[in-house]
Amino acid sequence: DYVAEIIFNGVTGECSFDFDVTPKPTINIIDLDGDSPRVVKDGDCKTLSVTVVGDVELSEDDFVWTKGVADTQVDFSDADYSIIDGGKTIKICNAQDEDEGQYHCCVRKDDVLDCVDIELQVLQVCDTDDNKEYVEEETWMNGDFETCLCTVTGDVECQCIEQEVTCDPEKEEEYYEDNCELKCSRLPATCIVTGDPHYKTFDGRYYDFHGTCTYQAASCGDFTVYFKNVDFYNGPPRYTKRIEVEFEGQVFGIEAGNKALVDGELVQTPYIKTYTNGNRMEINHNGQLELVLYSKGRQPSMRARLSDYGTWGDANLWLHGSCADVTEGLCGKWNGNSGDDLIGNDPNANGQHFMKYDENCEPPPPPYHPCNDIPDGKIQAERMCGAIKEAPFTFCHDTVPIGTLEGGPLADCITDVCQCFLDQSCACPQLDTYAESCTNSGVDLNDWRESVEYCPYNCPDPTVYLSNGPTPSPTCLNRDPEQTGTVRGCFCQDGQFLQDGECVDAAECKCLYQGQFYENGATIEKKAECEVCTCQDAGEMVCEDSPCPELDCADNEIEAIRPDECCPYCDDDWVEAINPEVVVKKGQKIVLTCAVHADVPKSAITWYKGGQLVKKGISRNRLKLTIDNADAHHDADYRCEATKDGKTNTGVFVVDVVMPAICEHEDGSEWEEGTIYNPQETEECTCDQNGEHHCQCIDDGETCDGETPVTWFNDHCVKECVPDFGLCTAAADPHYKTFDGSEFSFKGDCKYNFFGCGEVKMYADHEKDKSSSKTKSLEIAFKTDTFKLEGAAVSVNGEAVDTPLHKVYKDGSVLTIQDVGEYVFTIVQDGKDPFIELHFDKVTSYNLKVHGSCKGFTTGMCGKWNGDKEDDYTNPDGAVADSVEAFGTAWAVEDEDDCPTPEPPTDICDDFGLTADKPSYEEYVDKALHSGVLGQCSKVLDNTEPSNSAVQEVCMCFGDKNCACPVLNQFAADCATKGINTAGWALTNPNVECAPTCPEGSTYKAAGPKPAPSCAKASGGRKTQAGCFCPQGQVMENGECIDVGDCQCEYAGIRYEINDKYEKADICQSCKCVGNGVDECKPTKCDVQCAEDELEVSVEGECCPQCLADWVTAVNPQAEGTVNEPLSLTCQVEGVEVTADDISWVQFDPEVDVSSPKKLYEISDDGLTLTIKKMNAKRVGNYKCIVTKDDKVSQGVFEVTLPIVEEDLIEAKESPVEFIEGQDLVVEVTKLGGTITDLKWVCNGQEMDSKIVNKKSFSRLIVEGASADMAGSCTCSVTGVGSQDSETIEVIARENTITVTPKSTKMQCREDKKKCSFRCAVEKEVGAIDKKGVKICALGADGSLSKCKKAKYKKGLFKKGLGKVSLDMAGKYVCVYSDEGKEYVSDPITVSVKPKGI
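These lines cover the structure that appears in this document, whether it is placed above or below. Bear in mind that the values here come from a model prediction, so they are computed numbers and not experimental data.

Calculation criteria
- Residues numbered from 1 in each chain as written.
- Predicted model: local features only at pLDDT ≥ 70, side-chain atom pairs only at ≥ 80, totals over all residues.
- Heavy atoms only, no water.
- Helix = DSSP H or I, 4+ residues; strand = E, 2+ residues; numbered from the N terminus.
- Rg over C-alpha atoms; globule rule 2.2 N^0.38 Å.
- Buried < 20%, exposed > 50% of the residue type's maximum accessible area, 1.4 Å probe, protein only.
- Contact = heavy atoms within 4.5 Å.
- Axes fitted to C-alpha atoms, helices over the stretch in contact; angles between N-to-C directions.
- Parallel < 35°, antiparallel > 145°, perpendicular 65-115°, else oblique.
- Left-handed = near helix turned anticlockwise from the far one by under 90°.
- Nonpolar A, V, L, I, M, F, W, Y, C, P; charged D, E, K, R; others polar.
- Pairing = 2+ DSSP bridges.
- Core = buried A, V, L, I, M, F, W, Y, C linked by side-chain atoms within 4.5 Å.
- Salt bridge = Lys/Arg side-chain N within 4 Å of Asp/Glu carboxyl O.
- Disulfide = S-S within 2.5 Å.
- Phe/Tyr/Trp six-rings, centres within 6.5 Å; stacked < 30°, edge-to-face > 60°.
- Lys NZ or Arg CZ within 6 Å of the ring centre and 35° of its normal.
- 1 Å grid on protein atoms, 1.4 Å probe; cavity = no way out; pocket = protein on both sides within 12 Å on 5 of 7 lines; lining within 4 Å.
- Points joined across faces, edges and corners; volume = space filled by probe spheres on them.
- Patch = residues over 30% accessible without salt bridge, like charges linked within 9 Å, V, L, I, M, F, W, Y side chains within 5 Å.
- Areas by Shrake-Rupley, 256 points an atom, 1.4 Å probe, with all protein chains shown as cover.

**Focus on the overall build of the protein chain**
Phase 1: In terms of regular secondary structure, the protein chain is built from 11 helices and 112 strands.
Phase 2: Expected size for 1398 residues packed as a compact globule is a radius of gyration near 34 Å; at 47 Å, the protein chain overshoots this value by more than 25%.
Phase 3: Considered along the principal axes of its C-alpha atoms, the protein chain spans approximately 170 × 120 × 65 Å.
Phase 4: The buried share of the protein chain, taken over its 1398 residues, is 45%.
Phase 5: Summarising the internal contacts of the protein chain: among those between residues at least 6 apart in sequence, 52% fall at separations of at least 24.

Printed below as a string of structure tokens:
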């Protein structure tokens, strides 16, 4: 029923209609095929279908497919839509949200329309890291502790399920972000690095490691901590200089000297870097610099603090408990087991494993303890560290033990004090570290410095030290932070803030963002916060939101994101290799880090090595690939590949695994880098990264005792037991004390030979002084050089030079002159360290220390040194002088007629009218000799002569008691040989005023570094000596302290500026000064072309050979004389005529013309013969006849000696000795009990440097794999105290026997069969058989060999089959073995062939 209402002029009227509709009959043409709605996953394909009812015939054009309320016709021209099955089905691919809705399929037939509706639902898909798919509204458990939901937008939302856990007191509850598990996490732990450097791991293990590289200290998921160690001036001690943290592809660091760095660039503090996920990295100054990382919701994850000591620092690393069982590095594994903190339980191996290879550092030195180099070092250092055993530290002993002398805070303190040569201030950093550990453990020792007066902390101006400074410290960025505690360190005054090294008021604050200052009005873009700020007064910033721009990325780009930027951006290179070029050594760890600047699931990230998929070593977030033990097969290109929205991007890594260098030792053996090997029992070598081996001598455990208690290893590491060092001294007047203990005063005023041994001779030049004499200068002749010390002046071969100096000679001898307030002249030669050591006070006094190998062979006024005082006054002619005056005069360099014998000493006190004062002087000296250290010395030494000499010196100075000091110093030096530490004796003796006076800027130390720091070696040595030393970072140069940075290069006393070039002729090096005392040297290239009448001659002191005419020779160059008998030296001249006027004769070392003193020498009329009229020890030495002709000079050289007494010191164990070629040759002598100071082996005229085993009772020479040319003889020559002996052993070589024998000499083979083989045996008397050295050959009638084929070795026989046998194979064959170019042939093997069928 229908009603129509009509309103007109306010009146309503209506009409009613009644319709009766009769329906037209319907026809069912199509039905739905399947269910509705149909469901498809986002991005997948789905079909929608209908079926035709009955036998109606329809074509594709009869089907009309539309979508939605508007019945929009489906566009089949779109590639995502297709119509199939004659129109009954449509297929929709790459389904998206816009494809969702109602679809209609209609068919019209005979004017009848039939339609079917089909609903399509598109479900969003969530992909998980374990390659599973979930659709919207679907939930699942992600592990055991997290539920996840796939949202209608395709995002995954997860939350932790409620859990309960009960934790021990030492642990705390924490949800682990990685898997949502509520665990009992360990409380934070601390790793400490102090001093030189000493490590305490998270698990509490103490150890030392002295590498000088950058080392991984710890790692925890997304960050890694490194410690950078350095040495001081190219030598120990070594310290930590920098802490670095790698996080999100950047390196954040804090460094000694209050430096904050990001990616190597200095930044201002406080530095704050924020990330969009809430992570934050800070570099703050809370009294000291700190690195703090907040990540994964941890407050914080890591904190590192560097206690700054200017050029180095003590490191304190704090890690969150979630890093336990995960971290690794120098700080250990933190698993509760300190026993596995070090790889192989070896600090050096552990450090090398965690070293950053790209710095290519030298391997760390072997462990050592610096106290071992200081007399009573540990005892003195323990005393200096005594504060740790006293209050307030005692309050903490139960909480944090101080350890023992072997390990822990006390041991670390002792080590560092010794490292500083007993400087007590070096204990302070260790005390501070201990206080820090105590405070962290709940025992507040922040104010410990108030109780230890020698440990003030000097803060850089204008900051001041506070023991309870606020943390966090107020800054211009946060002027009133909430205080969490107190800390020790350097702070500004209240109300001021540290800014760029200055303390400023609030009004002076500058705008600061991520370590960079901004001026007023500057615009600052804070990308992580999506803010833009404007800098205003007093460092304030006004910020507003910065909207992200709309993106329209190209087809090859995606919307990328970065962790420190809130806005996405378009990028076609959105996968980044953080460390694209990695160089490691074999065995080191490789960690490749990939950054994917897009939100992709973990399953979309894959790794490849070359073209091969990598599955192992990938981190949970798939952004790191770790290879624990790099080897050659890891050397390759790697790819980190990520896929998003159908686009793939790659980060490429190039890994270079450097294989160990190979060292070839002198004996031909090869060793891999890092290997420690022993070429002989007393030698240990290591192979370095440059393929060079470094060897040192080691003891075989056999002790040296008795008269030869000192172990000496020569340059070939042959061990000898020699007498202890000898000491000869001369003080003031001079008052001498010989090696054997004779004491006398000698007042001659000539130049005297006071010592000679080997290539060294020493002379003292005396001059008159009042009624006595004094030493004016010293001369030392060594090889072709003469050094002169006169006051503070030093000259070499007559040319003035600077000090200190060093020089190296061809034979490896090293000569140095140190300046430690006095000159220390040292020669190290053939393993004798030192060979001689001469101390000269730059005035008149000196003492000489000599290696024990010289005992029995010394000459001069220091005596014969044979243990017998009775013959100390032996003259050069061998006779014992009847007076000191005659003895000294006999050793004068000039002719005795020109050097009169001095008068015997008189009592100077009487001579000077001081007889009445003498008792007071004697009392003064007596008190000095019986107090302090000298009082101990007077109990073991007779002080009668020193006392008398000291009194005489006081009288010489008219009562100045300081004049006794040289004699007292002489007494102290003698006392030191008795094992009493007399270094610095005058500093503690209350009865004298003999304290040394040092150059300005330097201070006296009883135990300073030996050798002293110099421009050539700024770190100095590790042994100790008393003397004047400059502050750290300075060296003594010509008596003044200068900064190391001002050093010039030095060699042989000559100074060179930067870029100067110079030659070190003695060691064939051409050098260039590169600055700070460091030079770069290369081998000198020689290009010598001599004339036809000249020869290339190597000259001592010159690198390149010189051209000298070979026309003068010494007829008897090795001339041995007889005491008190004449000795003639004759030169022979060939090819030229010369007269006596062309010839001169000299004795050198030092050079003295001997042509004129006719009382001593006689020269023949032709000038070619020099006769020494009366031989004695003074005439022993080197002589030359020098011939000059036509401006060309040639010479003959003679070595004049006196015979050494023959003594039975050794005998051959066996002679002759027979060996088989290729076998080890062993020859041996038995030692008969006498003292042996030198030993060498010579075989067939060649000195041997093979394995020499030297024991108390025998010496054995071993020649490994000796060849036949060793046949002949080997002689062992030995030298004793004033005696010598030798034994010659006959050596017989026997040829190595090799035989080749066939298994059978007759063989019958069948035609066409294969089972017919030759078998031969090879026997070799010595050496291994070459298993590839046998062949089977056909033997011709003329004995020739042909058709040779290699045989195979199996079960002791060499075998070779004939193959398929034919009749023509019958004949004779032989086995042939080849060895070192020689062939050995077996007896013939006759082969007969039996025809087939017979």
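There is more to say after this.
**Some points on the packing of helix H2 (residues 377-384) against helix H3 (residues 409-419)**
Phase 1: Relative orientation of the contacting elements H2 and H3 amounts to 110°, with a least axis distance of 8 Å. Classified by the angle their axes make, H2 and H3 are roughly perpendicular. Of the two elements, H2 crosses H3, and the hand of that crossing is right-handed. Contacts from Gly-377, Lys-378, Ala-381, Glu-382 and Met-384 of H2 reach H3 at Ile-414, Val-417 and Cys-418.
Phase 2: Looking at the contact of H2 with H3, its residues break down into 5 nonpolar, 1 polar and 2 charged.

**Considerations on the packing of helix H7 (residues 918-929) against helix H9 (residues 944-956)**
Phase 1: Between H7 and H9, the shortest axis-to-axis distance is 9 Å and the interhelical angle comes to 130°. One way to sum up the angle between H7 and H9 is to call them oblique. In the crossing of H7 with H9, the sense of the turn from one axis to the other is right-handed. Here Lys-918, Tyr-921, Glu-922, Val-925 and Leu-929 of H7 come into contact with H9, specifically with Ser-947, Ala-950, Val-951, Gln-952, Val-954 and Cys-955.
Phase 2: Partitioned by chemical class, the residues of the contact of H7 with H9 number 7 nonpolar, 2 polar and 2 charged.

**Side note on the sheet that holds strand S80 (residues 1069-1075)**
Phase 1: Read across the open sheet, the 3 strands follow the order S79-S80-S81; overall the sheet is antiparallel. Each edge of the open sheet carries a strand with a single partner, namely strand S79 (1061-1064) and strand S81 (1078-1083). Across the sheet, the mean angle from the axis of one strand to that of its neighbour is 35°, orientation sign disregarded.

**Some remarks on the nonpolar core**
Phase 1: Phe-754 and Phe-755 are the most contacted members of the largest nonpolar core, which totals 47 residues.
Phase 2: Residues contacting Phe-754, with those up to four places away along its chain left out, are Met-762, Tyr-763, Ala-764, Leu-778, Tyr-846, Leu-848, Thr-859, Gly-860, Met-861 and Cys-862.
Phase 3: Of all hydrophobic cores here, the second largest spans 45 residues; its members include Cys-213, Val-225, Phe-252 and Tyr-275.

**Some words on the side chain of Asp-871**
Phase 1: Within the fold, Asp-871 resides in the loop between strand S72 (846-850) and helix H5 (884-890).
Phase 2: Apart from residues lying up to four places away in sequence, Asp-871 is in contact with Lys-864, Asn-866 and Val-880.

**Regarding the sheet that holds strand S4 (residues 38-41)**
Phase 1: An order of S4-S11-S10-S6-S7 is seen for the 5 strands of this open sheet, with the pairing classed as mixed. Of all strands in the sheet, those with a lone pairing partner are S4 and strand S7 (72-73), marking the two edges.

**Details of the pattern of salt bridges**
Phase 1: Counted under the stated rule, the structure contains 55 salt bridges.
Phase 2: Among the salt bridges present, the one from Lys-259 reaches Glu-255, with a minimum N-O distance of 3.9 Å.
Phase 3: Overall, Glu-255 belongs to the buried group, its relative accessible area being 7%.
Phase 4: Linking Asp-785 and Lys-807 is a salt bridge whose minimum nitrogen-to-oxygen distance equals 2.6 Å. One end of the pair, Asp-785, is in strand S65 (residues 785-790); the other, Lys-807, is in strand S68 (residues 805-808), with 22 residues separating them in the sequence. Judged on exposure class, the residue Asp-785 and its partner Lys-807 are both buried.
Phase 5: Put simply, Lys-241, Arg-242, Glu-244, Glu-246, Glu-255, Lys-259 and Lys-356 are held in one network by salt bridges that share partners.

**As for the state of the cysteines**
Defined simply, a disulfide is a covalent bond joining two cysteines at their sulfur atoms.
Phase 1: Tallied over the entire structure, the rule returns 44 disulfides.
Phase 2: There is a disulfide in this structure between Cys-106 and Cys-115, and the S-S distance comes to 2.0 Å. Judged by the sign of its S-S torsion, about 115°, the cystine formed by Cys-106 and Cys-115 is right-handed.
Phase 3: On the basis of relative accessible area, Cys-115 is assigned to the partly exposed category, the value being 37%.
Phase 4: Residue Cys-553 pairs covalently with Cys-570 via a disulfide, S to S 2.1 Å. On the S-S bond that ties Cys-553 to Cys-570, the torsion sits near -85°, and the link is left-handed. Residue Cys-553 is located in the loop between strand S41 (541-545) and strand S42 (558-562), and its partner Cys-570 is located in strand S43 (residues 565-571); the two are separated by 17 residues in the primary sequence.
Phase 5: By relative accessible area, Cys-553 is classed as partly exposed at 23%.
Phase 6: Of all cysteine sulfurs, the one in Cys-106 lies closest to Cys-105, which takes part in no disulfide; the gap is 6.8 Å.
Phase 7: Using a relative accessible area of 0% as the deciding quantity, one classes Cys-105 as buried.
Phase 8: Its sulfur unpaired, Cys-1276 is 9.8 Å from the next cysteine sulfur, which belongs to Cys-1243.

**Some thoughts on the pairing of strand S75 (residues 1034-1037)**
Phase 1: Sheet analysis places S75 next to strand S76 (residues 1040-1043), joined by 4 bridges and oriented antiparallel. By the bridge assignment, Met-1036 is partnered in S76 with Cys-1041.
Phase 2: In this antiparallel pair of consecutive strands, S75 and S76, the connection spans 2 residues, and Asn-1038 shows a positive phi of 55°.

**Focus: the packing of aromatic side chains**
Phase 1: All told, the structure shown has 30 aromatic pairs when counted by the stated rule.
Phase 2: Here Phe-782 and Tyr-809 contribute two aromatic rings whose centre-to-centre distance is 5.1 Å and whose plane-to-plane angle is 90°, an arrangement assigned as edge-to-face. Within this pair, whereas Phe-782 is found in strand S64 (residues 772-782), its partner Tyr-809 is found in the loop between S68 and strand S69 (814-819), the two being separated by 27 residues in sequence. As far as burial versus exposure is concerned, Phe-782 and Tyr-809 are alike and both buried.
Phase 3: Directly above the aromatic system of Tyr-226 lies the positively charged group of Lys-356, at a separation of 4.2 Å from the ring centroid.
Phase 4: The ring of Phe-517 has Lys-510 sitting right over it, with the charged end atom 5.0 Å from the ring centre.

**Focus on empty space enclosed by the protein**
Phase 1: The tally for this structure, following the rule as stated, stands at 5 cavities of 30 Å³ or more.
Phase 2: Empty space within the largest cavity amounts to approximately 180 Å³.
Phase 3: Taken together, 17 residues form the lining of the largest cavity, with Arg-305, Ser-307, Asp-432, Glu-436 and Arg-488 sitting closest to its centre.
Phase 4: Sorting the residues of the lining of the largest cavity by element identifies strand S31 (302-308), strand S32 (313-319), helix H4 (428-440) and strand S34 (485-491) as the ones contributing at least two each.
Phase 5: The residue makeup of the lining of the largest cavity, split by class, is 6 nonpolar, 5 polar and 6 charged.

**Regarding a nonpolar patch on the surface**
Phase 1: A cluster of nonpolar side chains, contributed by Tyr-2, Phe-17 and Phe-19, occupies part of the molecular surface with about 380 Å² of accessible area.
Phase 2: Inspection of the secondary structure puts Phe-17 in strand S2 (residues 11-17).

**Things to note about the pairing of strand S86 (residues 1127-1133)**
Phase 1: Side-chain alternation along S86 places Leu-1127, Leu-1129, Cys-1131 and Val-1133 on a buried face and Ser-1128, Thr-1130 and Gln-1132 on a face that remains uncovered.
Phase 2: In this sheet, strand S90 (residues 1169-1172) lies alongside S86 in antiparallel orientation, the contact comprising 4 bridges. Residue pairing for S90: Ser-1128 is matched across the bridge by Thr-1171.

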